[in-house]
Amino acid sequence: MSKTPATPYQAKTIAFKPGERNIFFHILTACNLACKHCYINREQHGSGSVSLATMIDWLTLFYNPAKDNNLIFLGGEPTLHKDLARGIKKAREIGYASVTVDTNGYLFHDLLDHIDPSDAVISFSLDGPEAAVNDPLRGAGVFEICTANIRKAVARNFTVSVIFTASNYNIDALQRMPQLLKQLGVSRFFIQVIGLRGKSATSADKLQLSREQWLATVPEVAAQAAATGMEVIFPKVFLGEGEAFQCAGNVAENFFIFPNGRVYLCPLCEDLPIHSYEIVSNALMAKNGITEKKLFSLDIAEGCVMNKLLQPENILYDASGRPQHRISCCLLKQQILP
Ligand code: SF4
Ligand code: SF4
């Protein structure tokens with residue numbers, strides 16, 4: 001791999017912004033694919049889908065006119081919902097500052113024919129630079145369909161981003177992604193780290209990356225991608241010396257909404273019934289008992305409490321038992337602008 005350009009492609013940490021609210025709205029849990037690392041957990045989140053009326057009610061419920069409200073439509077596969085396009089239009093009418101659709105690339109219900117490029121960013125999940133890497137993870141034929149629809153969206157002037165979930169399966173192929181994305185006309189590249197949720201929590205294979213693998217590969221590829229002219233965003237994961245730890249559950253406004261009415265503040269908690277809120281009769285009700293909020297208040301040397309509970313093998317300790325590094329909030333991102 002070539003050497004990381006020293007400048008200007010330096011990552012900067014995107015601090016949590018008090019004036020911002022991010023709504024991650026799972027409008028259904030159904031999907032046409034069965035990816036190896038799928039985060040969806042139907043035992044916890046059901047197999048339902050919100051109606052258009054509920055979609056609009058909840059979009060209105062979570063909109064805060066005093067903030068910049070960013071909306072991300074998720075599934076399952078959100079384009080399987082026949083009313084997604086109407087939901088996008090409605091969100092714009094309500095006043096959402098940005099709308100993104102996270103899709104596996106199938107773009108059901110001819111989504112692009114029913115919305116305008118100014119309505120939403122289309123974010124495609126692609127886990128490899130060629131079918132040989134992507135398709136064993138996401139399904140036979142997925143690479144071809146996904147890249148064809150990326151081309152179609154770019155040709156129609158939509159802003160297109162790609163999410164790559166880095167794991168032991170595909171980390172060695174990451175360095176070939178920037179060239180493909182450049183050819184496809186993608187303007188934003190998100191590199192995610194695999195988390196132990198849903199299917200990946202029960203997989204017999206070792207999916208998780210070591211600190212060394214992550215640091216040896218991701219920042220450098222991110223810089224290379226930015227050098228080709230796209231914005232790159234990737235999680236911070238490891239805090240450096242002197243960098244403050246903050247839990248987004250305490251200092252930011254992120255709501256992860258599921259069709260069964262559960263509302264989480266932390267995505268790492270989604271496999272557990274410890275959500276902070278429930279939507280009952282179209283009102284947001286705080287949940288009683290032990291919830292994720294109680295965990296956010298714990299101050300531990302390792303940084304993120306949920307990481308320590310779910311993925312303790314991520315943390316190495318020195319001879320005196322002190323953690324060698326702290327794990328940042330999974331929602332803390334770094335950005336490199338082109
Ligand atoms: S990861 Fe996304 S595209 Fe893949 S099976 Fe799960 S919901 Fe579907
Ligand atoms: S990932 Fe960790 S630090 Fe971030 S919101 Fe969840 S518990 Fe808090």
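The model shown is predicted, which means the values in this text are computed figures rather than measured ones. (Residues numbered from 1 in each chain as written. Chains lettered and ligands numbered in written order. Predicted model: local features only at pLDDT ≥ 70, side-chain atom pairs only at ≥ 80, totals over all residues. Heavy atoms only, no water.)

Chemist: What am I meant to see in the overall build of the chain here?
Modeler: On a plain count of helices and strands, the chain comes out with 12 helices and 15 strands. Computed over C-alpha atoms, the radius of gyration of the chain comes to 19 Å, within 12% of the 20 Å expected from 2.2 N^0.38 for 338 residues, which places it in the range of a compact globule. Seen through its C-alpha atoms, the chain measures out along the principal axes to roughly 55 × 50 × 40 Å. A total of about 14800 Å² of accessible surface is found on the chain, and carbon and sulfur atoms cover 53% of it. Where the 32 positive side-chain charges of the chain centre and where its 32 negative ones centre are 2 Å apart. (Helix = DSSP H or I, 4+ residues; strand = E, 2+ residues; numbered from the N terminus. Rg over C-alpha atoms; globule rule 2.2 N^0.38 Å. Areas by Shrake-Rupley, 256 points an atom, 1.4 Å probe, with all protein chains shown as cover. Lys, Arg positive; Asp, Glu negative; His and termini not counted. Charge placed at Lys NZ, Arg CZ, Asp CG, Glu CD.)

Chemist: Explain the side chain of Asp-119 here, please?
Modeler: With respect to the helices and strands, the residue Asp-119 is situated in the loop between α4 (111–114) and β5 (121–125). On the basis of relative accessible area, Asp-119 is assigned to the buried category, the value being 8%. Not counting the four nearest positions on each side in its chain, Asp-119 is found in contact with Ile-88, Lys-89, Arg-92 and Val-99. (Buried < 20%, exposed > 50% of the residue type's maximum accessible area, 1.4 Å probe, protein only. Contact = heavy atoms within 4.5 Å.)

Chemist: I would appreciate a short explanation of the site of ligand 2 in the present structure.
Modeler: Contacts to ligand 2 come from Phe-245, Cys-247, Ala-248, Gly-249, Cys-266, Leu-268, Phe-296, Cys-304, Met-306, Cys-329 and Cys-330. Partitioning the shell around ligand 2 into residue classes produces 10 nonpolar, 1 polar and no charged. (Near = heavy atom within 4 Å. Nonpolar A, V, L, I, M, F, W, Y, C, P; charged D, E, K, R; others polar.)

Chemist: Explanation requested: the environment of Ser-187 in the structure shown.
Modeler: With respect to the secondary-structure elements, Ser-187 resides in the loop between α7 (177–184) and β7 (188–193). Between the C-alpha atoms of Ser-187 and Pro-338, which are 151 residues apart in sequence, the distance is 9.6 Å. Beyond its immediate stretch of four places on either side in the chain, Ser-187 contacts Thr-159, Val-160, Met-230 and Glu-231.

Chemist: Looking at this structure, I do not really get the site of ligand 1. What am I missing?
Modeler: All residues in the neighbourhood of ligand 1 are listed as Cys-31, Leu-33, Ala-34, Cys-35, Cys-38, Gly-76, Asn-104 and Arg-138. Its residues assigned to classes, the shell around ligand 1 comprises 5 nonpolar, 2 polar and 1 charged.

Chemist: Even after reading the chapter, I still don't get the nonpolar core, so can you show me in this structure?
Modeler: In a soluble, globular protein the nonpolar side chains are often hidden away together inside. By size, the foremost hydrophobic cluster in this structure holds 90 residues, and its most contacted members are Phe-25, Phe-73, Phe-189 and Ile-191. Examining the composition of this core, we find that 7 residues originate from one element, helix α9 (residues 211–227), more than from any other. Among residues more than four places away in sequence, those in contact with Phe-73 are Phe-25, Ile-27, Met-55, Leu-59, Pro-78, Leu-84, Gly-87, Ile-88, Val-99, Thr-100, Val-101 and Asp-102. (Core = buried A, V, L, I, M, F, W, Y, C linked by side-chain atoms within 4.5 Å.)

Chemist: What's the story with the pattern of salt bridges in this structure? I'm lost.
Modeler: Evaluated as defined, the whole model comprises 14 salt bridges. Residue Asp-83 is joined to Arg-86 by a salt bridge in which the shortest nitrogen-to-oxygen separation is 3.8 Å. Between Asp-116 and Lys-89 there is a salt bridge whose closest N-O contact spans 3.1 Å. Of this pair, Asp-116 sits in the loop between α4 and β5 while Lys-89 is found in helix α3 (residues 84–94), placing the two residues 27 residues apart along the sequence. The exposure class assigned to Asp-116 is partly exposed, which follows from its relative accessible area of 40%. (Salt bridge = Lys/Arg side-chain N within 4 Å of Asp/Glu carboxyl O.)

Chemist: Can you help me understand the packing of helix α2 (residues 52–62) against α3 in this one?
Modeler: In a packed pair of helices, the relevant descriptors are the angle between the two axes and the axis-to-axis distance. Contact pair α2 / α3: the axes reach a minimum separation of 10 Å and the direction vectors enclose 25 degrees. On the basis of the axis angle, α2 is roughly parallel to α3. Two packed elements cross with a definite hand, and for α2 against α3 that hand is right-handed. Here Leu-52, Met-55, Ile-56, Leu-59 and Thr-60 of α2 come into contact with α3, specifically with Arg-86, Gly-87, Lys-90, Ala-91 and Ile-94. Counted by class, the contact of α2 with α3 contains 6 nonpolar, 2 polar and 2 charged residues. (Axes fitted to C-alpha atoms, helices over the stretch in contact; angles between N-to-C directions. Parallel < 35°, antiparallel > 145°, perpendicular 65-115°, else oblique. Left-handed = near helix turned anticlockwise from the far one by under 90°.)

Chemist: Help me understand the environment of Phe-158 in this model?
Modeler: Within the element layout of this structure, Phe-158 appears in the loop between α6 (142–155) and β6 (160–166). Here Phe-158 falls in the buried class, since its relative accessible area comes to 5%. Taking C-alpha positions, Phe-158 is 27 Å from Gly-19, a pair spaced 139 residues apart along the chain. Setting aside chain neighbours within four positions, we find Phe-158 in contact with Leu-112, Ile-115, Asp-116, Pro-117, Ala-120, Ile-122 and Ala-153.

Chemist: It is not clear to me how the pairing of β6 should be interpreted in this structure. Could you clarify?
Modeler: By the criterion of burial, β6 is predominantly enclosed, with 7 of the 7 residues buried. Residues Val-160, Val-162, Phe-164 and Ala-166 of β6 are buried on one face, and the alternating residues Ser-161, Ile-163 and Thr-165, pointing to the opposite face, are buried as well. Bridge analysis of β5 against β6 gives 4 bridges, and the strand direction is parallel. The residue of β6 that forms the bridge with Ile-122 is Val-160. Summarising the sheet, β6 and β7 pair through 6 bridges and their orientation is parallel. Considered in β7, the bridge of Thr-165 is made with Gln-192. Taken together, β6, α7 and β7 form a β-α-β motif whose crossover is right-handed. (Pairing = 2+ DSSP bridges. Right-handed = clockwise from strand over helix to strand, strands pointing away.)

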